[in-house]
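# A look at the structure
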Amino acid sequence: MTERITKSMAKNIYYGGGTFALLIFLALTFDTVHQIPKRSNQQNMTENVVAGKKLWEDNNCVGCHTIVGEGAYYAPELMNVFQRRGGADEGTFKAYMQSWMAAQPLDTPNRRKMPQFNLSKEEVDSLSDFLIWTSKVNANEWPPTIEG
Amino acid sequence: MKYTSQMVAKPYFIFALILLAGEILFGLLMAVQYLYGDFLFPLIPFNVLRMVHTNLLIVLLLFGFMGATYYLIPEETETELWSPKLAIITFWVFLVAGVATILGYLFVPYAELTELTFNNLLPTMGREFLEQPLPTKVGIVLVVLSYLLNVIMTIVKGRKTVITTVLITGLLGLAVFFLFAFYVPDNLIMDKFFWWFTVHLWVEATWELILGAILAFVLIKVTGVDREHIDKWLYLIIAMTMVSGILGTGHHFFYMGAPEYWLWVGSIASAVEPLPFFLMILFAYTMTRERKIQHDNKIALTWAKGTAVMGFLGAGVWGFFHTLAPVNMFTHGTQLTAAHGHLSFYGAYIMIVFTMVSYAMPILRGRPHGNSQKAQKVELTSFWMMNIGMIGLTLALSIAGIVQILDQRVGTELIGFMESQESLAGIFMVRAGFGVLVLAGLLTYFYSFFVKEEAK
């Protein structure tokens, strides 16, 4: 198969194909950047949600959990934890989060452990608001089930 | 060794291999913590182990690529390196920054580390693979700039070949796409979208150019095949890489908040992604068949063929398993991703570093015809130990992923994540076992450096 292809043909496929792919990629990127605010309900991104994201990063939560399917696979997916543990009710979820975060690490022997992060009540609330906001992102019907 | 400045590659190779040992060691510690949650807890929580494991991988590959570049650039350009001194300074700066970062991860709680390292000024931390403190990220930029400067200045004054052009394109891409590590929007979805510009466009585009260039260089050296012929293959491989890899980024945008059209664009483009890896296999085997010389360093050629095959399996086949959008709906964020990640990084990138080390290190140590037959035999044993170990742990992780999907995502009687993971203890045990084999393989590889030369 490769006998019929010359070096200059291969070179042209590289430069031509690469440029073509890059241009399409740039155009789609441009469109995606315009669509993300709507798909993620950016208007609901309160100060608390932004503070929650910062806490999520400062404590390296993604080092164990996945969120929207990305991260580590040591601990559960958290995009839909609002539905799973809070029944999609803000009051229930926030109360759950307060008691859950305070109870860490659980003393079940050899269960995978979540560290105690010593967050204040307000911080846990921000983290909850961030997770609630994330749960409402339009991710093309993902995750497929409540178990995440 | 034709040029004395090639010698600067040596410390890069040695340190890359030391970091690899560390990476595998931390991988094993994680494998144990997967089974026994109390192991090392709270001394080193899982997220810290993982951060050390993945960051060591990234840094060791950068050291490996730099060593490979410094070795091949003088020979390709037929001139001494622009500044060997700068290359050595860069080495020590990167070493100190790397070690300091790892020690920071291990001995300072992460939240405290973010405060100590000015993360509040410009938040960039706490994102997968890009956990490095701001000073480290800035350090990486400086190291890469000094490396690029050295390589570009050498190319400018010397001969230009297809290999040098492809290599420098890959290196420039590496530098440019790393800059997205500094862009962290408040919107998580926007953040994730641009995060992939570093992560995907490194490993599935620009790094593949670097891989192709190194592979082509070693094949020219050990097979003696005509450069024109090699160049054509190299262009063809990287053409397929660019055509599939750039739009293939779309396979990460299926289910993370990006628009629907990515389901199509990502699926179609990334279905082509195995092709460049398949071409690499054809490339390596065709060049071997058509070789003009019988190089005494046989093991270097074995690694070259090995990286093509294992890269195809890990990146191509294991990538394809879950790259189509309807399948990815179920596999997204499971152990299948981990399986693919392990075999592809090992096959494509760790093994190309081994290929280069295996070819260049004997020459740097004054053995132009390669190591002794006895040493090569030991190295071949380590080659198989590591390959079998990696395939074994990849299969174990794949089974774990499939069980996880059946447990949590298919049917009506679903069980939760923790329960599903507990049922996987046996398979995680198997994974750890194969991990031990990989470490034993690496130690055997290290031993091959110390096998005494036979008297001639």
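A quick note: this is a predicted structure, and the numbers were derived from the prediction, not measured.

Parameters and conventions
- Residues numbered from 1 in each chain as written.
- Chains lettered and ligands numbered in written order.
- Predicted model: local features only at pLDDT ≥ 70, side-chain atom pairs only at ≥ 80, totals over all residues.
- Heavy atoms only, no water.
- Helix = DSSP H or I, 4+ residues; strand = E, 2+ residues; numbered from the N terminus.
- Rg over C-alpha atoms; globule rule 2.2 N^0.38 Å.
- Buried < 20%, exposed > 50% of the residue type's maximum accessible area, 1.4 Å probe, protein only.
- Areas by Shrake-Rupley, 256 points an atom, 1.4 Å probe, with all protein chains shown as cover.
- Contact = heavy atoms within 4.5 Å.
- Lys, Arg positive; Asp, Glu negative; His and termini not counted.
- Charge placed at Lys NZ, Arg CZ, Asp CG, Glu CD.
- Axes fitted to C-alpha atoms, helices over the stretch in contact; angles between N-to-C directions.
- Parallel < 35°, antiparallel > 145°, perpendicular 65-115°, else oblique.
- Left-handed = near helix turned anticlockwise from the far one by under 90°.
- Nonpolar A, V, L, I, M, F, W, Y, C, P; charged D, E, K, R; others polar.
- Expected span 1.5 Å × (residues − 1).
- Buried area = accessible area lost by both parts, 1.4 Å probe.
- Salt bridge = Lys/Arg side-chain N within 4 Å of Asp/Glu carboxyl O.
- Patch = residues over 30% accessible without salt bridge, like charges linked within 9 Å, V, L, I, M, F, W, Y side chains within 5 Å.
- Phe/Tyr/Trp six-rings, centres within 6.5 Å; stacked < 30°, edge-to-face > 60°.
- Lys NZ or Arg CZ within 6 Å of the ring centre and 35° of its normal.
- Disulfide = S-S within 2.5 Å.
- Core = buried A, V, L, I, M, F, W, Y, C linked by side-chain atoms within 4.5 Å.
- Domains from an automatic or database assignment.

## Examining the overall build of chain B
Check the secondary structure of chain B and you find 16 helices and zero strands. The globule rule puts the C-alpha radius of gyration for 456 residues at 23 Å, and the 22 Å found for chain B is close to it. Reported as C-alpha extents along the three principal axes, the dimensions of chain B are approximately 65 × 45 × 45 Å. Looking at chain B residue by residue over its 456 residues, the buried ones come to 66%. Accessible surface for chain B amounts to roughly 16000 Å². Of this, 73% is attributable to carbon and sulfur atoms.

## Describing the overall build of chain A
Counting its regular elements, chain A contains five helices and two strands. Ordered by position in the sequence, the α and β elements of chain A form the string α-α-β-β-α-α-α. By the compact-globule yardstick of 15 Å for 148 residues, chain A is too spread out, its C-alpha radius of gyration being 22 Å. The proportion of buried residues among the 148 residues of chain A is 51%. Pairs at least 24 residues apart make up 58% of the contacts formed inside chain A by residues separated by at least 6 positions. Approximately 7000 Å² of chain A is accessible, and the part contributed by carbon and sulfur atoms is 58%. Put simply, chain A has 15 plus and 16 minus side-chain charges, and the middle of one group is 8 Å from the middle of the other.

## Some words on unusual backbone geometry
For the bond from Trp142(A) to Pro143(A), the omega torsion is -5 degrees, close enough to zero to count as cis. Structurally, Pro143(A) can be placed in the segment after α5 (121-135). Of note, the amide linkage connecting Phe41(B) to Pro42(B) takes the cis form, showing an omega dihedral of 5 degrees. Examined against the element boundaries, Pro42(B) turns out to sit in the loop between α1 (9-35) and α2 (46-77). You will see that Asn110(A), though not glycine, has its phi angle at about 60 degrees, which is positive. Locating Asn110(A) in the fold gives a position in the loop between α4 (90-103) and α5. On the basis of relative accessibility, which here comes to 35%, the residue Asn110(A) falls in the partly exposed class. The phi torsion at Leu40(B) lies on the positive side, around 65 degrees, for a residue other than glycine. When you line up the elements, Leu40(B) lands in the loop between α1 and α2.

## Some remarks on the packing of helix α11 (residues 298-321) of chain B against helix α13 (residues 335-364) of chain B
All names here are of chain B. Packing of α11 against α13 leaves a shortest axis separation of 8 Å and a crossing angle of 165 degrees. Between α11 and α13, the angle falls in the class roughly antiparallel. Both α11 and α13 take part in a crossing whose hand is left-handed. Counted by class, the contact of α11 with α13 contains 16 nonpolar, ten polar and no charged residues.

## As for helix α2 (residues 47-58) of chain A
Along its twelve residues, α2(A) runs 16 Å from first to last C-alpha, staying within 8% of the 16 Å computed at 1.5 Å per residue. Residues of α2(A) that are buried sit in contact with β1 (66-67) and α5 of chain A together with α4 (110-116) and α7 (188-223) of chain B. Of the residues one or two after α2(A), Asn60(A) is the one with positive phi, at around 50 degrees.

## Some words on the interface of chain A and chain B
Taken together, the contacts link 71 residues of chain A with 88 residues of chain B. Summing both sides of the interface, chain A and chain B together bury roughly 6800 Å²; the carbon and sulfur share of this comes to 65%. Where chain A touches chain B, the interface holds six salt bridges. Listed by contribution, the elements that provide at least two residues to the side of chain A that touches chain B are α1 (7-39), α2, β1, β2 (70-71) and α5 of chain A. Residue contributions to the side of chain A that touches chain B peak at 21 residues, all from α1(A). The residue makeup of the side of chain A that touches chain B, split by class, is 35 nonpolar, 21 polar and 15 charged.

## Things to note about the pattern of salt bridges
One pass over the structure, following the stated rule, counts 16 salt bridges over all chains. A salt bridge links Lys53(A) to Asp191(B); the shortest N-O distance between them is 2.8 Å. Of this pair, Lys53(A) sits in helix α2 while Asp191(B) is found in helix α7, placing the two residues in two different chains. Residue class for Asp191(B) comes out buried when judged on its relative accessible area of 3%. Ionic contacts of the salt-bridge type, sharing partners, join the residues Lys53(A), Glu57(A), Arg127(B) and Asp191(B) into one network.

## A short note on a nonpolar patch on the surface
All names here are of chain B. Together, Val 272, Leu 275, Phe 278 and Leu 282 line one region of the surface with nonpolar side chains, adding up to about 270 Å² of accessible area. Tracing the sequence through the fold places Leu 282 in helix α10 (residues 274-289). Looking at Leu 282, the relative accessible area reads 30%, which means it is partly exposed.

## Let's talk about the side chain of Thr69(B)
Its location among the elements puts Thr69(B) in helix α2. Ignoring sequence-local partners within four residues, the contact set of Thr69(B) consists of Pro74(B), Tyr147(B), Val151(B), Leu167(B) and Leu171(B).

## Some points on α10(B)
Residues and elements named next belong to chain B. With 16 residues, α10 should reach 22 Å at 1.5 Å per residue; the first-to-last C-alpha distance of 23 Å fits that figure. Those residues of α10 lying buried are Pro 274, Pro 276, Phe 277, Leu 279, Met 280, Ile 281, Phe 283, Ala 284, Thr 286, Met 287 and Thr 288. Lining the buried residues of α10 we find α7, α8 (227-248), α9 (261-271), α11 and α13.

## Overview of the packing of aromatic side chains
Throughout the structure, instances matching the rule amount to 55 aromatic pairs over all chains. Ring geometry for Tyr96(A) against Trp100(A): centres 6.0 Å apart, planes inclined by 15 degrees, an arrangement best described as stacked. With Tyr96(A) and Trp100(A) both in helix α4, this residue pair falls four residues apart, about one helical turn. Accessibility expressed as a relative area gives 22% for Tyr96(A), which makes it partly exposed. On the basis of an interplanar angle of 70 degrees and a centroid distance of 5.9 Å, the ring pair of Phe254(B) and Tyr255(B) is categorised as edge-to-face. Three or more aromatic residues joined by ring pairs make a cluster, and in this case those are Phe25(A), Phe177(B), Phe180(B), Tyr183(B), Phe193(B), Phe194(B), Phe197(B), Phe253(B), Tyr261(B) and Trp262(B). Its end group placed over the ring of Tyr34(B), Arg431(B) keeps NZ or CZ at 4.6 Å from the ring centre.

## Remarks on the state of the cysteines
Residues and elements named next belong to chain A. Under the criterion given, the structure shown has zero disulfides over all chains. Cys 64 supplies the cysteine sulfur nearest to Cys 61, a cysteine that is in no disulfide, at a spacing of 8.7 Å. For Cys 61, a relative accessible area of 14% corresponds to the buried category.

## A look at the nonpolar core
In this structure, Phe13(B), Phe63(B), Tyr70(B), Tyr71(B), Trp207(B) and Phe354(B) are the most contacted members of the largest nonpolar core, which totals 199 residues. Looking at this core, the element that brings in the most residues is α7(B), giving 26 residues. For this core, the two domains that each supply at least three residues are domain 1 (1-39) and domain 2 (44-148) of chain A. Non-local contacts of Tyr70(B), meaning those with residues more than four positions away in its chain, are made with Gln6(B), Val8(B), Ala9(B), Tyr12(B), Leu81(B), Ala87(B), Tyr147(B), Asn150(B) and Val151(B).

Function cannot be inferred from these measures alone, as they are strictly geometric.
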